[in-house]
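# Per-entry structural report
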Amino acid sequence: MDMVTQHAPDLGGNAFIGSPSRFPEYLSSLERNGFLCVPDFASPADVQVINATLHKLLRDGTGFREGARRDLVDPNDSLGSDSLTELVLPHNYAPELHQTRYFADALRLARTILGPEAEFAFDHAILKPALHGAQTPWHQDEAYQSGPEQGRRQIAVWMATSAATVENGCMRYVAGSHLGEVLAHRPYQGDERVHGLECIDAFNPDDIVYCPVEAGGIVIHSGRTLHGAGPNQTSHARLAYIVVFAAPGTVAHVPREFSWLQRPAEAASQRRRQWLMRGGVLIEFARKVRRSRQRATNGFAQHLRQALMRRIRERLGARDSSKVR
Ligand SMILES: O=C(O)CCC(=O)C(=O)O
């Protein structure tokens, strides 16, 4: 099999965000392939803050007791597991992650792709420890979804907080896989104790595209794009911060029951249940309130920005037409 590496389009830093005229080019790549690579998206300052914040949360074992930290492939999922470590909703412990310029830019990008109503849906961090970080099994994000989130239009914005290479487990995609159905999955290696899913349907290995990116680069994929990442064979950890945005009101008409989701609660879900019963519900409620306040603030800021842009355009228009006269 020939390995194909995507040559990311040169977007000139954040030029993509500032020049909507180039957007159709990139959007069509996302529509055609199901993924898109944007180098240099986050500023070095934001990357440094996000990287340091996430590493600290992971080092401290944050979220383990409430089931937010888990190992995606280790069946014994304990605090000491370090095959493929995930921290779910890290902004619960570090709200500053959502106050970065990076987050605002990613939200703006999501709204350009999914429409102005798109909102933050989920975030997580995934760490592949140095030398032995496991591969991320091939999967579609939609295969994890049940209930009201099923079938929604969404994108995941995956950001490398340090360089992601073929050797340390950069993202890899099956081009065009988002155009088909949700494929058959199972818990990794058929072990029901494991949270991570793996796709068990066949796909053409020639369609695999590797997406290495420097720190601050992003790759974007849709909910149905088949993807995974190789193991970490280097002496440095590979860490990614992933934010999912979704358009409201796009749920599946006929909810599907995925057989691979019908299984006993895994260790992390059991920890979460216990934590909720011991008072965690109150903490969850407070987090929901904080999130909706943040959403309102973002909405207000967006409204102000749009009004300002309208004013500027009107002013410029008036000046141009006065020149003509
Ligand atoms: O970071 C990884 O290894 C995998 C990320 C992933 O599967 C995702 O963002 O959906």
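Every value quoted in this text rests on a predicted model; they were computed, and no experiment measured them.

## Points about the overall build of the protein chain
- A tally of helices and strands in the protein chain yields five helices and 14 strands.
- By sequence separation, contacts in the protein chain at least 24 residues apart represent 82% of the contacts at least 6 residues apart.
- Here the protein chain has roughly 16,200 Å² of accessible surface; of this, 55% comes from carbon and sulfur atoms.

## Focus: the site of the ligand
- Surrounding the ligand, one finds Ile126, Lys128, Thr136, His139, Asp141, Trp158, Met171, His221, His227, Ala229, Arg238 and Ile242.
- Contact distances for the ligand include 3.1 Å between an oxygen atom and a side-chain N or O atom of histidine 139.
- In this structure, tryptophan 158 approaches the ligand through a side-chain N or O atom, which is 2.9 Å from an oxygen atom.
- Within the complex, the protein chains bury 97% of what would otherwise be the 290 Å² of accessible surface of the ligand.
- Residue assignment for the shell around the ligand shows that the elements contributing at least two residues are strand S5 (119-128), strand S6 (136-139), strand S13 (227-229) and strand S14 (238-246).
- A class-by-class count of the residues in the shell around the ligand yields five nonpolar, four polar and three charged.

## Describing the side chain of histidine 185
- Within the secondary structure, histidine 185 is located in strand S9 (residues 185-187).
- Classification of histidine 185 by relative accessible area gives buried; the value is 4%.
- A polar contact of 3.1 Å, which involves the side chain of histidine 185, links it to the backbone nitrogen of glutamine 140.
- A polar side-chain atom of histidine 185 sits 2.8 Å from the main-chain carbonyl oxygen of leucine 183.
- Not counting the four nearest positions on each side in its chain, histidine 185 is found in contact with Trp138, His139, Gln140, Ala143, Leu197, Glu198, Cys199, Ile200 and Trp260.

## A look at the pairing of S5
- S5 sits mainly inside the fold: seven of its ten residues count as buried.
- Pairing of S5 with S14 involves nine bridges; the strand directions are antiparallel. From the neighbouring strand, phenylalanine 120 faces S14, where its bridge partner is phenylalanine 245.

## A word on the confidence of the model for the protein chain
- Per-residue pLDDT for the protein chain averages 89, and the proportion of residues at 70 or more is 88%.
- Throughout residues 7-18 the model reports pLDDT below 50, and contacts reaching past four residues in sequence, or to other chains, amount to 25 contacts.

## Things to note about the packing of aromatic side chains
- This model, assessed by the stated rule, comprises six aromatic pairs.
- Plain terms: the ring middles of phenylalanine 35 and tyrosine 173 are 4.6 Å apart, the flat faces sit at 5° to each other, and that makes the pair stacked. Of the two residues, phenylalanine 35 is situated in strand S2 (residues 35-38) and tyrosine 173 in strand S8 (residues 171-174); the sequence distance between them amounts to 138 residues. Tyrosine 173 carries the same exposure label as phenylalanine 35, and that label is buried.
- Taking 5.8 Å as the distance between ring centres and 90° as the angle between the ring planes, the aromatic pair formed by phenylalanine 41 and tyrosine 102 counts as edge-to-face. Placement of the pair is phenylalanine 41 in the loop between S2 and helix H3 (44-59) and tyrosine 102 in helix H4 (residues 101-114), with a sequence separation of 61 residues.

## A look at the pattern of salt bridges
- Counted under the stated rule, the structure contains 14 salt bridges.
- A salt bridge links arginine 287 to glutamate 284; the nearest nitrogen and oxygen atoms lie 2.9 Å apart. Linking arginine 287 with glutamate 284, this pair stays in helix H5 (residues 267-324), spanning three residues, or about one helical turn. Accessibility classification places arginine 287 together with glutamate 284 in one group, the buried group.
- Via salt bridges that share partners, Glu66, Arg272, Glu284 and Arg287 belong to a single interconnected network.

## Let's talk about empty space enclosed by the protein
- Applying the stated rule across the entire model yields one cavity of 30 Å³ or more.
- The volume enclosed by the largest cavity comes to roughly 40 Å³.
- What lines the largest cavity is Asp71, Asp74, Asp77, Arg193, Val194, His195, Glu266, Ala267 and Ala268.
- For the lining of the largest cavity, a count of residues per class yields three nonpolar, one polar and five charged.

Cut-offs used in this document
- Residues numbered from 1 in each chain as written.
- Predicted model: local features only at pLDDT ≥ 70, side-chain atom pairs only at ≥ 80, totals over all residues.
- Heavy atoms only, no water.
- Helix = DSSP H or I, 4+ residues; strand = E, 2+ residues; numbered from the N terminus.
- Contact = heavy atoms within 4.5 Å.
- Areas by Shrake-Rupley, 256 points an atom, 1.4 Å probe, with all protein chains shown as cover.
- Near = heavy atom within 4 Å.
- Polar contact = N/O pair within 3.5 Å; in protein donor to acceptor, adjacent residues only side chain to side chain.
- Nonpolar A, V, L, I, M, F, W, Y, C, P; charged D, E, K, R; others polar.
- Buried < 20%, exposed > 50% of the residue type's maximum accessible area, 1.4 Å probe, protein only.
- Pairing = 2+ DSSP bridges.
- pLDDT = per-residue confidence, 0-100.
- Phe/Tyr/Trp six-rings, centres within 6.5 Å; stacked < 30°, edge-to-face > 60°.
- Salt bridge = Lys/Arg side-chain N within 4 Å of Asp/Glu carboxyl O.
- 1 Å grid on protein atoms, 1.4 Å probe; cavity = no way out; pocket = protein on both sides within 12 Å on 5 of 7 lines; lining within 4 Å.
- Points joined across faces, edges and corners; volume = space filled by probe spheres on them.

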